[in-house]
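Residue strings, one per chain:
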Amino acid sequence: MNDTAILELSCTALAGAIRDRQLSAVKAMETVLARAQTVQPKLNAFLRIDTDLALDAARLADKDLARGHLRGPLHGVPMAHKDMYYRKGLASSYGGKIGPTRPAPATATALARLDVAGAIQFGVLNMAEFAFGPTGHNYHYGHCRNAWNPDYITGGSSSGSGTAVAARATYAALGSDTGGSIRLPATFCGTSGIKPTYARVSRAGAMPLSFSMDTVGPLARTVEDCALILATIAGPDARDPTSDPRPVPDYLSAMARPVAGLTIGRPRQYFYDACDPEIAALMDASLESFRSIGAKVVDVDLPDLEAWNAACAMIISAEAAALHGNWLRTRAQDYSAQVRARLEQGLAIPATAYLDSLRLRGVALEEFCRSVFSKVDVLHAPVVAFQTPTIAQTDVGGGPKLSALMAQVTRLTRPANYLGVPVLSLQAGFTRAGLPVGMQLLGRPFDEATLFALGNAYQSTSDFHRLAPTL
Amino acid sequence: MTKPINLDLTVALLGAQGVVSTPESAEATARFATLVLKNSAQAFAQLAFEDEPSGYTAALRKNAP
């Protein structure tokens, strides 16, 4: 197998090739490390690459396999992750200048579960400062650049995760999604990604931004890879008392479920307000693909999402401001102007408005399920309503255009964070400018399995997830 | 028409919490707070007396397949 062929493998295929001794873990690691070094000057995707440690770990993985010990379904698969997941003995950067003052005492649960499954982490990825930015700008470590065209944004906050996966510089990457931070880079960079149901994946050892909204999930090239990784990291965890106790379904088996007869909703309101015609056309084309595999598509009315969007923004802002309060008081100058301005916004939210936002959340979820999921199995929608902007166009810092830009970028992603429902983001095509466009499928709480079944069936009819950028 | 939150009040509110704002960040804060409070006011007014945050976890579990 040549290097290009190795890099084109999905996580699932690579794990199979290593397991079947068609490829060594060392060869896979050497290949992806070389790719990462090649694309790094163009994309600024990595904050650290641990070449020696990764190769040592790959050698151990090969030795284990030679002794007949298969660690798990990701044995020998190289991965890099957003630099906000704690690794025992190391300090994460959080994408900012203010970071932890000492090495992490324990490894994040999600990382530990990937370790047990056999994955090998070889580096950490660029991200928005404190995961508090949806565009991929980073004023401390340099802006992350889109693998399809480095002048354009990657989306954020899991910016390095999106562009590194797209560039074949990692087989998959953990991101996090508080207001759209997995789905936005997945869309702008042309990858798949799953924002799981709130509380489905432990947040232990993950840098917090908003404890009521934070979710942990992967970006990968295929829906199947997302299912495999979510199956690995999901489930109850004593270290995160908010994690849900229910067992994790067999997502991989669920992908084989027939999708004929499932009903997909196309929203009549909100998601298509002022939508770019080219994006709307790609959404229509993707719905046609779903029809071709037997799904039924119906129009569906939504409740008023504007109020929920505002409530979501208040919760995120207030919780982030509380978490950052001490640093805001003592080290404000060490934040970028944009993050500082956004954090300060949380200090102006009255306690009653924050509590009303939390009180409304359950009411909103009930109403949404009644309005939508009593009629359809999943809701289909664009992730953003506009074409990918350039890095320069969205370089607003902390200036007067900040609030409008943040609201515009996250308008279609935040409602799902407020509701806490799972969302699968996947490739829907390309614009005439050659940039990827994604769609999102919203499901019932804890029904990631249906999303994976539909997404996998869609990818069996589409080649968008197989296309790689030229770098 | 909702009246925008006063900039001096915003600066004072942040200052009372020990945070020194910049003119830029204070303006962004006033603009943000005005917008989100306005957009949510009607929904908050419709909340039932007994609604509380724990209703969310209950709704999440109740609506799972």
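Notes on the structure follow. (Residues numbered from 1 in each chain as written. Chains lettered and ligands numbered in written order. Predicted model: local features only at pLDDT ≥ 70, side-chain atom pairs only at ≥ 80, totals over all residues. Heavy atoms only, no water.)

A tally of helices and strands in chain B yields three helices and zero strands. The helix and strand sequence of chain B, counted from the amino end, reads α-α-α. Relative to its length of 65 residues, chain B is extended, with a C-alpha radius of gyration of 17 Å against a globular reference of 11 Å. Dimensions of chain B, computed from C-alpha atoms along their principal axes, come out at roughly 50 × 30 × 20 Å. Here chain B displays about 4100 Å² of accessible surface, and carbon together with sulfur accounts for 61% of that area. Across chain B, 5 positive and 6 negative side-chain charges occur, with their mean positions spaced 7 Å apart. (Helix = DSSP H or I, 4+ residues; strand = E, 2+ residues; numbered from the N terminus. Rg over C-alpha atoms; globule rule 2.2 N^0.38 Å. Areas by Shrake-Rupley, 256 points an atom, 1.4 Å probe, with all protein chains shown as cover. Lys, Arg positive; Asp, Glu negative; His and termini not counted. Charge placed at Lys NZ, Arg CZ, Asp CG, Glu CD.)

Moving on to the overall build of chain A. The number of helices and strands found in chain A is 16 helices and eleven strands. Its C-alpha radius of gyration of 21 Å places chain A within 12% of the 23 Å reference for a compact globule of 471 residues. Seen along its three principal axes, the alpha-carbon backbone of chain A occupies a region of about 60 × 60 × 45 Å. In chain A, which comprises 471 residues, the share counted as buried stands at 69%. Taking as baseline every contact in chain A between residues at least 6 positions apart, the subset at least 24 positions apart corresponds to 78%. (Buried < 20%, exposed > 50% of the residue type's maximum accessible area, 1.4 Å probe, protein only. Contact = heavy atoms within 4.5 Å.)

It is worth spelling out empty space enclosed by the protein at this point. Residues and elements named next belong to chain A. One pass over the structure, following the stated rule, counts three cavities of 30 Å³ or more. Of the pockets and cavities examined, the largest cavity occupies roughly 70 Å³. In terms of lining residues, the largest cavity is bounded by Ala128, Glu129, Phe132, Gly133, Thr135, His137, Asn138, Tyr139, Ser336, Gln338 and Val339. Each residue belonging to the lining of the largest cavity can be placed in one class, and the counts come to four nonpolar, six polar and one charged. A volume near 50 Å³ is recorded for the second largest cavity. Breaking the lining of the second largest cavity down by element, the ones donating at least two residues are helix 7 (183-189) and strand 11 (436-442). Ranked by residue count, the leading element in the lining of the second largest cavity is strand 11, at three residues. Among the residues forming the lining of the second largest cavity, the class breakdown is six nonpolar, five polar and no charged. (1 Å grid on protein atoms, 1.4 Å probe; cavity = no way out; pocket = protein on both sides within 12 Å on 5 of 7 lines; lining within 4 Å. Points joined across faces, edges and corners; volume = space filled by probe spheres on them. Nonpolar A, V, L, I, M, F, W, Y, C, P; charged D, E, K, R; others polar.)

Residues and elements named next belong to chain A. Structurally, His143 can be placed in the loop between strand 3 (120-125) and helix 6 (159-166). Assessed through its relative accessible area of 19%, His143 is described here as buried. Within the structure, His143 has its side chain in polar contact with the backbone nitrogen of Asn138 (distance 3.0 Å). What His143 contacts, discounting residues up to four positions off in sequence, is Leu43, Asn44, Asn126, Gly136, His137, Asn138, Ile391 and Asp395. (Polar contact = N/O pair within 3.5 Å; in protein donor to acceptor, adjacent residues only side chain to side chain.)

Residue and element names in this part refer to chain A. An order of 1-3-2 is seen for the three strands of this open sheet, with the pairing classed as mixed. Each of the sheet's edge strands pairs with one partner strand only, and the pair in question is strand 1 (46-49) and strand 2 (78-82). Put simply, the sheet's adjacent strands are angled 35 degrees from each other on average, direction ignored. Pairing analysis gives five bridges linking strand 2 to strand 3, with the strands arranged parallel. (Pairing = 2+ DSSP bridges. Axes fitted to C-alpha atoms, helices over the stretch in contact; angles between N-to-C directions.)

Take the sheet that holds strand 11 of chain A next. Two modes of strand pairing occur in sheets, parallel and antiparallel, and in both the strands are linked by backbone hydrogen bonds. Residue and element names in this part refer to chain A. With mixed pairing, eight strands are arranged side by side in an open sheet as 4-6-5-10-11-9-7-8. Only two strands of the sheet have a single neighbouring strand rather than two, namely strand 4 (172-177) and strand 8 (296-300). Shown here is a sheet whose adjacent strand axes are inclined to one another by a mean of 30 degrees, direction ignored. Relative to strand 6 (residues 215-220), strand 5 (residues 192-195) runs antiparallel, the two sharing two bridges. Residue pairing across strands places Gly193 opposite Leu219, the latter belonging to strand 6.

Let us now look at the packing of aromatic side chains. In the structure shown here, the tally under the stated rule is 14 aromatic pairs over all chains. Here the aromatic rings of A:Tyr198 and B:Tyr56 are separated by 6.5 Å at their centres, their planes lie at 55 degrees, and the arrangement is tilted. One end of the pair, A:Tyr198, is in the loop between strand 5 and strand 6; the other, B:Tyr56, is in helix 3 (residues 54-62), on a second chain. Comparing A:Tyr198 with B:Tyr56, the two get one shared label, buried. Geometrically, the ring pair formed by A:Phe368 and A:Phe373 is edge-to-face, given 5.7 Å between the ring centres and 80 degrees between the ring planes. Since its relative accessible area comes to 1%, A:Phe368 is described here as buried. A:Phe373 gets classed as buried once you look at its relative accessible area, which sits at 6%. By the ring-pair criterion, three or more aromatic residues cluster together here, those being A:Tyr86, A:Tyr94, A:Phe130, A:Trp327 and A:Tyr335. (Phe/Tyr/Trp six-rings, centres within 6.5 Å; stacked < 30°, edge-to-face > 60°.)

This part takes up the layout of surface pockets. What the largest pocket holds in volume is close to 440 Å³. Lining of the largest pocket is provided by 30 residues; of these, A:Ala313, A:Met406, A:Ala407, A:Thr410 and A:Arg414 occupy positions nearest its centre. Elements represented by at least two residues in the lining of the largest pocket include exactly helix 11 (305-330), helix 12 (337-346) and helix 14 (402-410) of chain A together with helix 2 (23-45) of chain B. Examining the composition of the lining of the largest pocket, we find that six residues originate from one element, helix 11 of chain A, more than from any other.

All names here are of chain A. A full pass over the atoms with the stated rule returns zero disulfides over all chains. A disulfide-free cysteine, Cys11 has its sulfur positioned 8.7 Å from the sulfur of Cys226, the nearest such atom. Of the residues examined, Cys11 reaches a relative accessible area of 0% and is grouped as buried. Cys369 takes part in no disulfide bond, and the closest cysteine sulfur to it belongs to Cys312, at a distance of 16 Å. A residue is classified by how much of its surface remains accessible, and Cys369, at 6% relative accessible area, is buried. (Disulfide = S-S within 2.5 Å.)

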